[in-house]
Amino acid sequence: MERQSLARKIALHAAALLLAAVILAPLVWLFVMSISPPADLAAKPLRWWPEAVDFSRYRLLLSTVENSAGAAFLAALRNSLLVAGTATIAAVLLAIPAGWAVSRTPSIGWSLGLIIGTYMLPPVALAVPLYMALAHFGLLNNVFSLALVYLTILAPFTTWLMKSGFDTIPRDIEAAAMMDGAGLFATLRIVTLPLAMPVVATSALFAFLLAWDEFFYALLFTADQRAKTLTVAIADLAGGRVSDYGLIATAGVLAALPPVLVGLFMQRALISGLTNGGVKG
Amino acid sequence: MSALTLERIAKNYGEVETLKGIDIALESGEFLVLLGSSGCGKSTLLNIIAGLAEPTSGDVRIGDRSVVGVHPKDRDVAMVFQSYALYPNLTVARNIGFGLEMRHVPAAEREKAVREAAALLQIENLLDRKPAQLSGGQRQRVAIGRALVRRPKIFLFDEPLSNLDAKLRMEMRSELKRLHQMLKTTVVYVTHDQIEAMTLATRIAVMRNGVIEQLDRPEAIYNRPATLYVATFVGAPPMNLLSATTTPEGLSIAGLETPLALRHGLEAGRPVTLGIRPEALGLAARETALAFHAELAELTGPELVVTGTVGGQKLVASLPPASGVSPGDRATLFAAPEAFHLFDPATGLRLNRDR
């Protein structure tokens, strides 16, 4: 709508600002906590802005001194990146052919439905069998076995996303490529996949976030620095007798950075509307 | 030798019989239009020729080779889709040359062929663009170019003009006609637009419910429709249909007292459906005259379309604007004897003994 009254405009902007404030306030508070001296965090009444800015916790967590909190944190960061990255790549690589197959062959759609059905099971129900299986194969406390477990969560989700993405790509385009002499793989590589890139990026991003934030399985299946992920490491920070809330907040800020970077990096690929122009309108 | 032969093609989707035994033999250079409303099976038939669908039974031969079970790319056919189906991520030049690229034609040769096709379609200046930067008509030309460049034995068109606006559609129609006259390729063209069918085709197959109602040259489809369906589907405004009964001297039209003198050669007392095209009617009193009561007059420009009744039955006549018929007028309409089409009301089949 082009024509809007001034009051309407003000109301719209106010509503948008309010929404942004509600969403951003916890993040801002997280950051403020991470740079407040411990005394300020315990002060009554609460200080909203620290007397002196204190970056010492960042130094602590990013230090590489052996057996320090920093070493544990950095190891967890590395593990998280490995687990989430591996699981995401595997999930997307699986989802592309699987999603395409389901999208182009509606008669096998039930199989995807079945897999999505397993999604409905609470993780607790699967925890014990998964633990026993991993223990049996000696795969506990291992980043790649954790990635494998995550794959069982991510793959149905990414396949489902990819399927809906492929659904929006007209089959005529693939039929045309087929008549032009392109084989199945040439069609997928040259025609279909480039058109599906926005969906691939979206699935990758969401899969990465899911894996990055996962806590339950990570807590159960990892034991030490060789495999513990960030979520577990942060929980460890809170687990001692004295909890340094500022330190937890700092770890939270640092843990939020990689997904934000991935999001920024993927932004270009996420721009959709790439299929514009191939078909009518 | 026929360029394309379809023999007893049938296609079932589960219980639904989409095609019920289609027979067509097409000579090289013919322009066949499959005409029918949506759901008549014309697109399915085209997909079967293309190889995008397989017939449940029957045989498809291109040249003298049966192509049932042959992959679309090996049939030597090219198709232009209703949605254009261009590759949005590739340039126009690559879109057009894609078929050659996939067949490993050397780059230099490919570029030459693309340039030739583009020149023919007057889109040389667009070769570096992406489909999104083109107008509807330009996209259509690219889609045609993509088919053209491969020099296939048969061109298949699936409602290629239905996404264009009226003016562009007329331009592209002439363009297609020009291309066909120049290249003399065999074409199978699917449309629901009877004007496209009449203007482009060398032969038209009017389809309905999975069968061909009539397969003939356009003038025969128009002048001697084989069934009631063909009679009403082709022509605008559609053919008038009046219920009548045969008499020894002619026809007694329901609601009219004076019978119409017409030689029909049928036994007397038989119920028939009388078809008269609106444009076959004129204003004058002759032997085959109809007393007409005008109710509505619409001037389209070249003609005055008058809607009214004959003996209580609806009738539309396309008259010259100078006739000046206005609503409420009573007039006497006539038509030449050969303009009267007689159909069996039960079967819809044509009854006229054609000369």
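Rules used throughout
Residues numbered from 1 in each chain as written. Chains lettered and ligands numbered in written order. Predicted model: local features only at pLDDT ≥ 70, side-chain atom pairs only at ≥ 80, totals over all residues. Heavy atoms only, no water. Helix = DSSP H or I, 4+ residues; strand = E, 2+ residues; numbered from the N terminus. Contact = heavy atoms within 4.5 Å. Areas by Shrake-Rupley, 256 points an atom, 1.4 Å probe, with all protein chains shown as cover. Lys, Arg positive; Asp, Glu negative; His and termini not counted. Charge placed at Lys NZ, Arg CZ, Asp CG, Glu CD. Buried area = accessible area lost by both parts, 1.4 Å probe. Salt bridge = Lys/Arg side-chain N within 4 Å of Asp/Glu carboxyl O. Pairing = 2+ DSSP bridges. Axes fitted to C-alpha atoms, helices over the stretch in contact; angles between N-to-C directions. Phe/Tyr/Trp six-rings, centres within 6.5 Å; stacked < 30°, edge-to-face > 60°. Buried < 20%, exposed > 50% of the residue type's maximum accessible area, 1.4 Å probe, protein only. Lys NZ or Arg CZ within 6 Å of the ring centre and 35° of its normal. Domains from an automatic or database assignment. Polar contact = N/O pair within 3.5 Å; in protein donor to acceptor, adjacent residues only side chain to side chain. pLDDT = per-residue confidence, 0-100. Expected span 1.5 Å × (residues − 1). Bend = angle between axes of the 7 residues up to and from the residue.

### Observations concerning the overall build of chain B
Part 1: When helices and strands are tallied, chain B shows eight helices and 20 strands.
Part 2: When the backbone C-alpha atoms are referred to their principal axes, chain B occupies close to 75 × 45 × 35 Å.
Part 3: Taking as baseline every contact in chain B between residues at least 6 positions apart, the subset at least 24 positions apart corresponds to 64%.
Part 4: As displayed, chain B offers around 15,500 Å² of accessible surface, 51% of which is attributable to carbon and sulfur atoms.
Part 5: Of the side chains in chain B, 40 bear a positive and 39 a negative charge, and the two mean positions are spaced by 5 Å.

### Examining the interface of chain A and chain B
Part 1: Each partner contributes to the interface: chain A provides 23 residues, whereas chain B provides 28 residues.
Part 2: Approximately 2,100 Å² of surface area, both sides summed, lies buried where chain A meets chain B, with 66% of it carried by carbon and sulfur atoms.
Part 3: Here chain A is connected to chain B by two salt bridges.
Part 4: Within the residue set of the side of chain A that touches chain B, elements represented by two or more residues are helix H8 (171–179) and helix H9 (184–213) of chain A.
Part 5: Take the side of chain A that touches chain B: its biggest share by element is seven residues, from H8 of chain A.

### What about the sheet that holds strand S9 (residues 203–208) of chain B?
Residues and elements named next belong to chain B.
Part 1: Taking strand neighbours across the sheet as the criterion, the six strands line up as S6-S7-S8-S3-S9-S10 in an open arrangement whose pairing is mixed. Both outer strands of the open sheet, strand S6 (77–80) and strand S10 (211–216), are each paired with one neighbouring strand and no more. Sheet twist, expressed as the average angle between the axes of neighbouring strands with direction ignored, equals 15 degrees.
Part 2: Note that strand S7 (residues 154–158) and strand S8 (residues 186–191) share five bridges and pair parallel. Note that in S8 the partner of aspartate 158 across the bridge is valine 190.

### Comments concerning the packing of aromatic side chains
Part 1: Scanning all chains against the criterion turns up 10 aromatic pairs over all chains.
Part 2: On the basis of an interplanar angle of 10 degrees and a centroid distance of 5.6 Å, the ring pair of tyrosine 217 of chain A and phenylalanine 221 of chain A is categorised as stacked. Taken together, the residues span about one helical turn, with tyrosine 217 of chain A and phenylalanine 221 of chain A both in helix H10 (residues 216–221) at a distance of four residues.
Part 3: Phenylalanine 221 of chain A gets classed as buried once you look at its relative accessible area, which sits at 4%.
Part 4: A centroid spacing of 4.5 Å and a plane angle of 50 degrees characterise the contact between tyrosine 87 of chain B and phenylalanine 98 of chain B, whose relative ring orientation is tilted. Of this pair, tyrosine 87 of chain B sits in the loop between S6 and helix H2 (92–102) while phenylalanine 98 of chain B sits in helix H2, placing them 11 residues apart in sequence.
Part 5: Relative accessible area serves as the criterion here: at 0%, tyrosine 87 of chain B is assigned to the buried category.
Part 6: A relative accessible area of 0% places phenylalanine 98 of chain B in the buried class.
Part 7: The side chain of arginine 146 of chain B reaches across the aromatic face of tyrosine 87 of chain B, ending 4.7 Å from its centre.
Part 8: Here the basic side chain of arginine 277 of chain B rests over the ring of tyrosine 222 of chain B, its NZ or CZ set 4.2 Å away from the ring centre.

### Overview of unusual backbone geometry
Part 1: With an omega of -10 degrees, the peptide bond running from alanine 236 of chain B to proline 237 of chain B counts as cis.
Part 2: Along the chain, proline 237 of chain B falls in the loop between helix H8 (228–233) and strand S11 (240–246).

### Here's the deal with the pairing of S10 of chain B
Residues and elements named next belong to chain B.
Part 1: Across five bridges, S9 lies against S10 in antiparallel orientation. Within S10, the residue paired with alanine 205 across the bridge is leucine 215.
Part 2: Where S9 folds back onto S10 in an antiparallel hairpin, the turn is made up of two residues, including asparagine 209, whose phi is positive at roughly 50 degrees.

### Looking at the domain arrangement of chain B
Residue and element names in this part refer to chain B.
Part 1: When cut into domains, chain B gives domain 1 (2–231) and domain 2 (249–343).
Part 2: Put simply, the middle of domain 1 and the middle of domain 2, counted by C-alpha atoms, are 39 Å apart.
Part 3: Listed per partner, the contact involves eight residues of domain 1 and five residues of domain 2.
Part 4: Summing both sides of the interface, domain 1 and domain 2 together bury roughly 550 Å²; the carbon and sulfur share of this comes to 57%.
Part 5: The tally of links between domain 1 and domain 2 comes to zero salt bridges.
Part 6: Applying the counting rule to domain 1 against domain 2 returns two residue pairs in polar contact (both at pLDDT 80 or more).

### A short note on the pattern of salt bridges
Part 1: According to the stated counting rule, one finds 24 salt bridges over all chains in the structure shown.
Part 2: With a closest N to O distance of 3.9 Å, arginine 146 of chain B and aspartate 180 of chain A form a salt bridge. Residue arginine 146 of chain B is located in helix H4 (residues 136–148), and its partner aspartate 180 of chain A is located in the loop between H8 and H9; the two belong to separate chains.
Part 3: Residue classification places arginine 146 of chain B among the buried positions, given a relative accessible area of 3%.

### Quick notes on the confidence of the model for chain B
Part 1: Of all residues in chain B, 98% attain a pLDDT of 70 or more, and the chain-wide mean is 91.
Part 2: The complex model carries a pTM of 0.80, and its ipTM stands at 0.80.

### Concerning helix H7 (residues 143–167) of chain A
Because each turn of an α-helix spans 3.6 residues, side chains separated by three or four positions in sequence point in the same direction.
Residues and elements named next belong to chain A.
Part 1: With 25 residues, H7 should cover 36 Å at 1.5 Å per step; its first-to-last C-alpha distance of 34 Å lies within 8% of that length.
Part 2: Where H7 bends most, at leucine 151, the angle is about 35 degrees.
Part 3: Here H7 starts with a cap whose side-chain oxygen sits 2.7 Å from the backbone nitrogen of phenylalanine 144, and that cap is asparagine 142.

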